[in-house]
Amino acid sequence: LTAQDQVDVLGKHAEALTAFIKEDQTTPIGRLGKIAQALDQTTLTPVALAIAKHCDPTAQEAMYHDLTSYLVRREICGLTKKAYNVVFLQLLRKLLAEGFTPAVLRAHLASATGDATLWPDDVKLESAVRYRDIYGNGKNLAICRLVLAKAAQVIGARHNAEAQWTPDWTKLHIEHLLPQSWYENWPLPDGTTVTQQEAERAHLVPESDAAAYQRARAIIKRGAVDPRHGGFKNVLGNLTILHAAIN
């Protein structure tokens, strides 16, 4: 396309593109734009604009819902984003050839196989939600904020006071539900608590000191069953969101 051709194309899509970029929550494409930009995945913009052009609002909602599901599920599962430009180009070609309908879009996304392109099913998603070490050292902050905020909205919608809550994801803080260390918060079977120094040196206690050794074994056993030692510290189920950091 020449520069003028590109300007003409943008002119035809100006309203929809503006809604997408500005994340206009009163429009279907604006709601998709908020998700896509939060995840830094705007390679689907041409598909989104084409859907806005060819489809009525009801069809747009259904198709954008599936695109959102595709992005979010893959993000939660930690799958690569490298092929997205190809994925969405092929999808656009499919829609142009067979029609802009929710059924065509869904069938095409569902037909993908292999980690580079597949749309994770409920089994893969549940496994990732329950067991994937998704958070830590600031990684995957965007998807954690997005999913936790959406969960809070769904739960809050059951209560009139929270039904209209629309969070600014960039200002939400992620916090762990379980304490960062168990020592002060999870007593041993005898009711006593443990210091961090005791926990770190428990494996050095000699058997010759029977009482101290017995206590050390209890400490080691407790540490071994600590959920964080099983890799659950940074799973989605151990995370929550706050408006201000508490650590």
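Residues numbered from 1 in each chain as written. Predicted model: local features only at pLDDT ≥ 70, side-chain atom pairs only at ≥ 80, totals over all residues. Heavy atoms only, no water.

### So, the packing of helix 5 (residues 57-77) against helix 9 (residues 141-156)
Where helix 5 meets helix 9, the closest approach of the two axes is 10 Å, and the angle between their N-to-C directions is 120°. Relative to helix 9, helix 5 is oriented oblique. Crossing angle aside, the handedness with which helix 5 passes helix 9 is left-handed. Taken together, the residues of helix 9 that come into contact with helix 5 (itself represented by V72, E75 and I76) are I143, L146 and V147. For the contact of helix 5 with helix 9, the per-class residue count stands at five nonpolar, no polar and one charged. (Axes fitted to C-alpha atoms, helices over the stretch in contact; angles between N-to-C directions. Helix = DSSP H or I, 4+ residues; strand = E, 2+ residues; numbered from the N terminus. Parallel < 35°, antiparallel > 145°, perpendicular 65-115°, else oblique. Left-handed = near helix turned anticlockwise from the far one by under 90°. Contact = heavy atoms within 4.5 Å. Nonpolar A, V, L, I, M, F, W, Y, C, P; charged D, E, K, R; others polar.)

### Overview of the packing of aromatic side chains
Applying the stated criterion across every chain yields a total of three aromatic pairs. Each ring, one from Y70 and one from Y84, has its centre 6.1 Å from the other, and the planes form 50°; the classification is tilted. One end of the pair, Y70, is in helix 5; the other, Y84, is in helix 6 (residues 84-98), with 14 residues separating them in the sequence. For the pair Y70 and Y84, a shared accessibility class is recorded, and that class is buried. Residue Y70 is classed as buried on the basis of its relative accessible area, which comes to 0%. What links up through ring pairs into an aromatic cluster is the set Y70, Y84 and F88. (Phe/Tyr/Trp six-rings, centres within 6.5 Å; stacked < 30°, edge-to-face > 60°. Buried < 20%, exposed > 50% of the residue type's maximum accessible area, 1.4 Å probe, protein only.)

### Re the packing of helix 5 against helix 6
Where helix 5 meets helix 6, the axes come as close as 14 Å, and the angle between the chain directions of the two elements is 160°. One finds that helix 5 runs roughly antiparallel with respect to helix 6. Relative to helix 6, helix 5 is oriented so that their crossing is right-handed. Between helix 5 and helix 6, the contacting residues are M63, L67, Y70, L71 and R74 on the first element and Y84, V87, F88, L91 and L95 on the second. Grouping the constituent residues of the contact of helix 5 with helix 6 by class yields nine nonpolar, no polar and one charged.

### Observations regarding the pattern of salt bridges
One pass over the full model with this rule turns up eight salt bridges. Between D121 and K124 there is a salt bridge; the shortest N-O distance is 3.9 Å. With relative accessibility at 44%, the residue K124 sits in the partly exposed group. (Salt bridge = Lys/Arg side-chain N within 4 Å of Asp/Glu carboxyl O.)

### Notes on the environment of Y183
Note on placement: Y183 falls in the loop between strand 1 (173-176) and helix 10 (196-201). Between the alpha carbons of Y183 and T193 there is a distance of 6.4 Å; along the sequence they are 10 residues apart. Residues contacting Y183, with those up to four places away along its chain left out, are T193, V194, T195, Q196 and A199.

### Things to note about the confidence of the model for the protein
Overall, the predicted model of the protein reaches an average pLDDT of 85, with 87% of residues at or above 70. Per-element mean pLDDT across the protein ranges from 71 in helix 1 (residues 3-12) up to 97 in helix 7 (residues 102-110). (pLDDT = per-residue confidence, 0-100.)

### Some words on unusual backbone geometry
Leave glycine aside and you will find that most residues have negative phi; peptide bonds, for their part, are mostly trans. Within the chain, E23 stands out as a residue other than glycine whose phi angle is a positive 55°. According to the relative accessible area criterion, E23 is partly exposed, its value standing at 28%.

### Some details on the nonpolar core
With 54 residues, the main nonpolar core has I29, I51, L67, F88 and L95 as its most contacted residues. With nine residues, helix 5 is the largest single contributor of residues to this core. In this structure I51 touches Q60, M63, Y64, L67, L95, F100 and L105, once residues within four positions along its chain are discounted. Counting eight residues, the second-largest nonpolar core is a separate cluster that includes W182, Y183, A216 and I219. (Core = buried A, V, L, I, M, F, W, Y, C linked by side-chain atoms within 4.5 Å.)

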